[in-house]
Amino acid sequence: MESAGATLLYQQSVRLRKLRYIPYIGDGDSKAYTAICEAQPYGLAVFIPKEECIAHVTKRMGTGLRKLLADYKGKMLSGGKGLGGTRRLTHNRMDTIQNVYGRAIRDNKGNAKEMAKATHAILKHYSSTLEEPKHNDCPSGPTSWCSFQRDRANGTNCHKPIKNPLPDAVVEVLQPLFNRLGDETFLVGCENCYTQNRNECLHHVIWGMAAKEMFSSPREISLAISTRASAPPTQIFSLLLALRYNQKCLKLGKILI
């Protein structure tokens, strides 16, 4: 259904909006993009490139880490310990890595090569020890997320060794994930740092006023879209309550609007 809807939007864009929707910004699911390319809405001569939503790409890092933790639950790595737990891969560490990965993309907008370098630096950074520092690939400069590099740029001495650095056995398990999400070819699709966040925020409010889980009349949907686009935020909540009340009345055979 999503693929059919996306294809229809592209096929009507020139006729209704005098626009070509280029590039296509996706969230990793290629079904809609594949359907659009097969439909060739702008003719054979017009290629529609695909850009990745960096918010969804960032989430992939966290999702990948949590999946690895689940897959290795109960399994022992070299050294006789598991993947998770104290001094291993914790939930706080996974959240931190996900956030730093997102920053590695945003801070290097327009340069997939530097994005890839900064991504691989994350794993090195969090496996760095006092005896074996691994900060050479971390972003340099006074605003770097790496305190070692900030000290270098600012001439200060504030860096403290990484608390509970990831052991080699854990790094070995995580490396394929970083190789995949830190691949330069993959990150080319993130160079423009596009995001779907604004669209999703709008959709969330519209669906709150005309819920997907129950039938909404064309008039209700139109009102929900128009209200979100024009009404002050203070009025949206009261209108939302009115629409939801109306949806309950529809179930009883009563129509208020």
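Residues numbered from 1 in each chain as written. Predicted model: local features only at pLDDT ≥ 70, side-chain atom pairs only at ≥ 80, totals over all residues. Heavy atoms only, no water.

By the naming in an unreviewed UniProt entry, the protein goes by Mutator-like transposase domain-containing protein and is assigned to Porites evermanni.

*Asks:* What's the story with the overall build of the protein in this structure? I'm lost.
*Replies:* Within the protein, the regular secondary structure consists of eleven helices and two strands. Taken from the N to the C terminus, the helices and strands of the protein come in the order α-β-α-β-α-α-α-α-α-α-α-α-α. The contacts of the protein with a sequence gap of at least 6 include a subset with a gap of at least 24, amounting to 62%. Total accessible area on the protein stands at roughly 15,900 Å², and carbon and sulfur atoms take up 54% of it. (Helix = DSSP H or I, 4+ residues; strand = E, 2+ residues; numbered from the N terminus. Contact = heavy atoms within 4.5 Å. Areas by Shrake-Rupley, 256 points an atom, 1.4 Å probe, with all protein chains shown as cover.)

*Asks:* I would appreciate a short explanation of the nonpolar core in the present structure.
*Replies:* The nonpolar side chains of a soluble globular protein tend to be buried, and buried together. Among the nonpolar cores identified, the biggest contains 40 residues, and M61, L83, Y101, I105, I122, L174 and L187 are the most heavily contacted of them. Sorting the residues of this core by element identifies α3 (54-71), α4 (91-106), α5 (112-126), α7 (168-181) and α8 (184-187) as the ones contributing at least two each. Grouped together as the second largest cluster of nonpolar side chains are eight residues, A6, Y24, Y42 and I48 included. (Core = buried A, V, L, I, M, F, W, Y, C linked by side-chain atoms within 4.5 Å. Buried < 20%, exposed > 50% of the residue type's maximum accessible area, 1.4 Å probe, protein only.)

*Asks:* Would you mind going over unusual backbone geometry with me for this structure?
*Replies:* Keep in mind that most residues, glycine aside, have a negative phi and that most peptide bonds are trans. The residue after I22, namely P23, is reached through a cis peptide bond having omega 0 degrees. With respect to the helices and strands, P23 occurs in the loop between α1 (2-17) and β1 (24-26). Positioned with a positive phi, K18 is a non-glycine residue whose angle comes to about 60 degrees. Within the secondary structure layout, K18 lies in the loop between α1 and β1.

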